[in-house]
Amino acid sequence: MIDRATWADPALLKVEKEACPEGKKVLIVSENFGSGHTKAAEALAKGLQRSNPGVEVRVVELGCELRPRVSRMLLHSYLSMLEQAPSLWKIIYGRHHSRAFPKWAQWCLYRTLYPRLSDYVKREQPDLVISTHPFSSSGMARLKRKGYPVTICTLITDFSAHGSWVQPEVDRYLVPHVGVKEQLTQMGVEPGKIYATGIPTDSRFWMEQTRETARRKLGLDQLPTVLILGGGMGMGQTDRLVKMAAKWKDSMQILVCTGHNRRLKESLERDPGLQHPRIRIQGFTDEMPDLMDAADLIVSKPGGMTCSEAIAKGKPLLIYGSIPGHEERNGRFMEEQGLAEVVANDDGLSVWFEKLLAGDPCFDQLRERMLEWRQNIHPSHSIEAVLNLLAP
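These numbers come from a predicted model, not from an experiment.

## As for the sheet that holds strand β5 (residues 172-175)
Pairing is parallel across the open sheet formed by six strands, whose spatial order is β2-β1-β3-β4-β5-β6. At either end of the open sheet lies a strand with only one pairing partner, and these are β2 (56-61) and β6 (194-196). Taken pair by pair, the neighbouring strands of this sheet meet at an average axis angle of 20 degrees, ignoring direction. As paired strands, strand β4 (residues 152-155) and β5 are joined by three bridges and run parallel to one another. Bridge assignment links Cys 153 to a residue of β5, and that residue is Arg 172.

Below is the structure:
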């Protein structure tokens, strides 16, 4: 287990107010292969603009901007692989876990998604480019190797480092915790380039609100409440999980978010067994901070952003239905650090639901560990690290 005192980097520099840059432009680039990458980009952008209005910040999903049709095709292929051949994705992910992608693969990626990247960056003329996805990091690094003078910062959005993030041209890495810093160092990244800051989350996840207040705002009853999430893409085993939880609908409220997965939402809504006043099914929503406040327990696959938001809210988390590869490693990390419990089957879920209804103190213990950790992952840490790159 990582020492809680060193979750974040103690060497992170503070930016003096008078040294904050004015008139600088920051371009934050992401991709749409998993919504957490873009959510982290948006959270960082909001924090930068709020802390320093003199800095211009723009967020863009790079492939969607430059080659939207190709980007949609790649996203469809990625989602189809996760759904129909998850073991194949696990092999692909594992093959390069501890080493960078070969140059030929990066060349193919650049030619496929980013052939117009040079013109785009020249038109935007950013003082700093921050990437929250390994594809966009690779594209920007190749552009820099070709001679374009740009400062690159890479923000890693999972609790384990993958070789695809590693690029010699990157000037600074922002990582979730010091364990990822150690992993990058073992892959050849200079330690002085790496700062452990946590994953940026929207400031609304840091606002205090009682469960009772959140439930009244959302029109919910004051009953034990479970929030079931499938991430922005509504993936994992959400369908099976909701049907399992529905067995408890007479004893607790069940809130379900299917993200952008419209097909899943419509399928659940048509199911007669889920048509109950204590089961609420909705798609992508901006109410997630309120939904987490209203819940006693979150059940979700372990996306890096979902885990970070749950920690910020101090809400007990059960991990169920991990995507092979990066999410399996996220789940392992959360469990090892005592920040979540991993559940493998329906029987395990039943045990935890019974504990919830019985008021078992284990939930208070999970919550206490989360609250102890969250002081070291405040969004201000990422903002400070970025402003240091911009400071004269």
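## Observations regarding helix α7 (residues 134-145)
Over its twelve residues, α7 extends 16 Å from the first C-alpha to the last, a length consistent with the 16 Å expected when each residue adds 1.5 Å. After α7 finishes, the residue Gly 147 shows a positive phi value of roughly 115 degrees.

## Focus: the packing of aromatic side chains
Within the structure shown, the criterion is met by five aromatic pairs. Here Trp 248 and Phe 353 contribute two aromatic rings whose centre-to-centre distance is 6.1 Å and whose plane-to-plane angle is 70 degrees, an arrangement assigned as edge-to-face. Of the two residues, Trp 248 is situated in the loop between α10 (238-245) and β8 (253-257) and Phe 353 in helix α15 (residues 346-358); the sequence distance between them amounts to 105 residues. Overall, Trp 248 belongs to the buried group, its relative accessible area being 17%. Phe 353 gets classed as buried once you look at its relative accessible area, which sits at 0%. Each ring, one from Trp 352 and one from Phe 363, has its centre 5.6 Å from the other, and the planes form 80 degrees; the classification is edge-to-face. Taken together, the positions of Trp 352 in helix α15 and Phe 363 in helix α16 (residues 362-374) put the pair eleven residues apart, joining distant regions of the chain. Taken individually, Trp 352 and Phe 363 each receive the classification buried, so the pair is uniform in this respect.

## Considering the pairing of β2
Where strand β1 (residues 25-30) and β2 come together, six bridges link them in parallel fashion. Paired with Val 29 across the two strands is Val 60, which belongs to β2. In the classification by handedness, the crossover that spans β1, the intervening helix α1 (residues 35-51) and the parallel β2 is right-handed.

## Concerning the pairing of β8
Burial runs high along β8: five of the five residues are buried. Going residue by residue along β8, you find Gln 253, Leu 255 and Cys 257 tucked away on one face and Ile 254 and Val 256 tucked away on the opposite face as well. Here five bridges tie strand β7 (residues 225-229) to β8, and the two strands are oriented parallel to one another. Residue Val 226 lies in a different strand from β8, and its bridge partner there is Ile 254. By the bridge criterion, four bridges tie β8 to strand β9 (residues 279-282) in an arrangement that is parallel. Paired with Ile 254 across the bridge in β9 is Ile 279. Chirality of the crossover, the property in question, places the unit of β8, helix α11 (residues 262-270) and β9 among those that are right-handed.

## Digging into the sheet that holds β7
The pairing of strands in a sheet comes from backbone hydrogen bonds and takes either a parallel or an antiparallel form. The strand order across the open sheet built from six strands is β9-β8-β7-β10-β11-β12, with neighbouring strands paired in parallel fashion. Across the chains shown, the open sheet's two edge strands, defined by having one partner strand only, are β9 and β12 (341-342). Here strand β10 (residues 297-300) runs beside strand β11 (residues 317-319); their pairing, made up of three bridges, is parallel. Its bridge partner being in β11, Val 299 is matched across the sheet by Leu 318.

## Structural notes on the nonpolar core
Counting 51 residues, the largest nonpolar core has Ile 130, Leu 227, Leu 317 and Met 334 as the members making the most contacts within it. Excluding anything up to four places from it in sequence, Leu 227 contacts Leu 255, Cys 257, Met 288, Leu 291, Met 292, Ala 295, Leu 297, Ile 298 and Val 299.

## Describing the environment of Thr 213
Tracing the chain through its elements places Thr 213 in helix α9 (residues 211-218). Here Thr 213 falls in the partly exposed class, since its relative accessible area comes to 32%. As for Thr 213 and Ala 294, which are separated by 81 residues in sequence, their C-alpha atoms are 7.8 Å apart.

Basis of the calculations
- The written sequence of each chain sets the order in which its residues are numbered from 1.
- Reporting of local features is limited, given that this is a predicted model, to residues whose pLDDT is at least 70; pairs of side-chain atoms are given and counted only at 80 or more, and all residues count toward the totals for whole chains, interfaces and linings.
- As a rule here, side-chain values come from all non-hydrogen atoms in the structure, and water together with hydrogens is ignored.
- A pair of strands is considered paired only if DSSP assigns at least 2 bridges between the two.
- Helix and strand labels come from DSSP, where a helix needs a run of H or I of at least four residues and a strand needs a run of E of at least two; each type is numbered from the N terminus.
- Helix axes use the C-alpha atoms of the stretch in contact, all axes being lines fitted to C-alpha atoms, and the angles between their N-to-C directions lie in the range 0 to 180 degrees.
- Helices are assigned an expected span. That span is 1.5 Å times one less than the residue count.
- Only centres within 6.5 Å qualify two rings of Phe, Tyr or Trp (six-membered ring in Trp) as a pair; their planes then separate them into stacked at under 30 degrees, edge-to-face at over 60, and tilted for everything else.
- Each residue's exposure class comes from its accessible area (1.4 Å probe, protein chains only) as a fraction of the maximum for that residue type: buried when under 20%, exposed when over 50%, partly exposed otherwise.
- Crossover handedness is defined by viewing with both strands directed away from the observer: a clockwise path from the first strand over the helix to the second marks the crossover as right-handed.
- The criterion is simple. A nonpolar core is a set of buried Ala, Val, Leu, Ile, Met, Phe, Trp, Tyr and Cys residues joined through side-chain atoms within 4.5 Å.
- We call two residues contacting when some pair of their heavy atoms lies within 4.5 Å.

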